[in-house]
Amino acid sequence: MRRISYIILGVLIGLFGLGILINPIIYHTGLRYQFDFTDVRWPFGGGLIILGAFFIWSSFRKKAIETEKTSRDEKKVLMCPKCIKPFYKKDCEDLKCPDCQAPLEELSGFYERHPELKNR
Ligand SMILES: [Zn+2]
């Protein structure tokens, strides 16, 4: 689901909760049934407001996590096994070496995979 739908859902749930706090008796004309939330108006209405706020909060939190992940990814260093040079992931298209077009490898474990390159 997209962030905007989380926010809309959160606002709707929150408004429904607020509506129950203001007017706990809802008469459903279609069902001809009266919902009476008077006894549970504070836990129910309050709970819905908290749930709505949580939806909105989590959508922003999600965005923050994504941004964090992207920036961490961009700072990731990749190694070219041919030129033995480190490159930032954000500078390399298609994970290829900008100098020699060799496929880049992750820095972690690079020298374990290529022990012969250690003393160059
Ligand atoms: Zn290279």
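Here the structure is shown first, and the text comes after it.
Residues numbered from 1 in each chain as written. Predicted model: local features only at pLDDT ≥ 70, side-chain atom pairs only at ≥ 80, totals over all residues. Heavy atoms only, no water.

Each pair of aromatic rings is reported with the distance of its centres and the angle of its planes. Under the criterion given, the structure shown has six aromatic pairs. For the pair Tyr6 and Phe55, a centre-to-centre distance of 5.9 Å together with 35° between the ring planes defines the contact as tilted. Taken together, the residues Tyr6 in helix H1 (residues 3–22) and Phe55 in helix H2 (residues 41–74) connect sequence positions 49 residues apart. Ring centres of Tyr33 and Phe35 lie 5.1 Å apart, and the angle between their planes is 75°; on these two criteria the pair is classed as edge-to-face. Given a relative accessible area of 48%, Tyr33 falls into the partly exposed group. Pairwise contacts between aromatic rings join Tyr33, Phe35, Phe37 and Phe44 into one cluster. (Phe/Tyr/Trp six-rings, centres within 6.5 Å; stacked < 30°, edge-to-face > 60°. Helix = DSSP H or I, 4+ residues; strand = E, 2+ residues; numbered from the N terminus. Buried < 20%, exposed > 50% of the residue type's maximum accessible area, 1.4 Å probe, protein only.)

A word on the coordination of the zinc ion. The protein atoms donating to the zinc ion are Cys80 (SG), Cys83 (SG), Cys97 (SG) and Cys100 (SG), with metal-donor distances spanning 1.9 to 2.3 Å. Around the zinc ion, the four donor atoms sit at angles spanning 105 to 116°, and that spread fits a shape best called tetrahedral. As a motif over one chain, the donors of the zinc ion read C-x2-C-x13-C-x2-C. Taken as a pair, Cys83 in the loop between strand S3 (77–79) and strand S4 (86–88) and Cys100 in the loop between S4 and strand S5 (105–106) lie far apart in primary sequence, 17 residues in all. (Donors = N, O, S within 2.8 Å, 3.2 Å for Na, K, Ca; no water. Tetrahedral: all angles 85-135°; square planar, octahedral: opposite > 155°, others 65-115°.)

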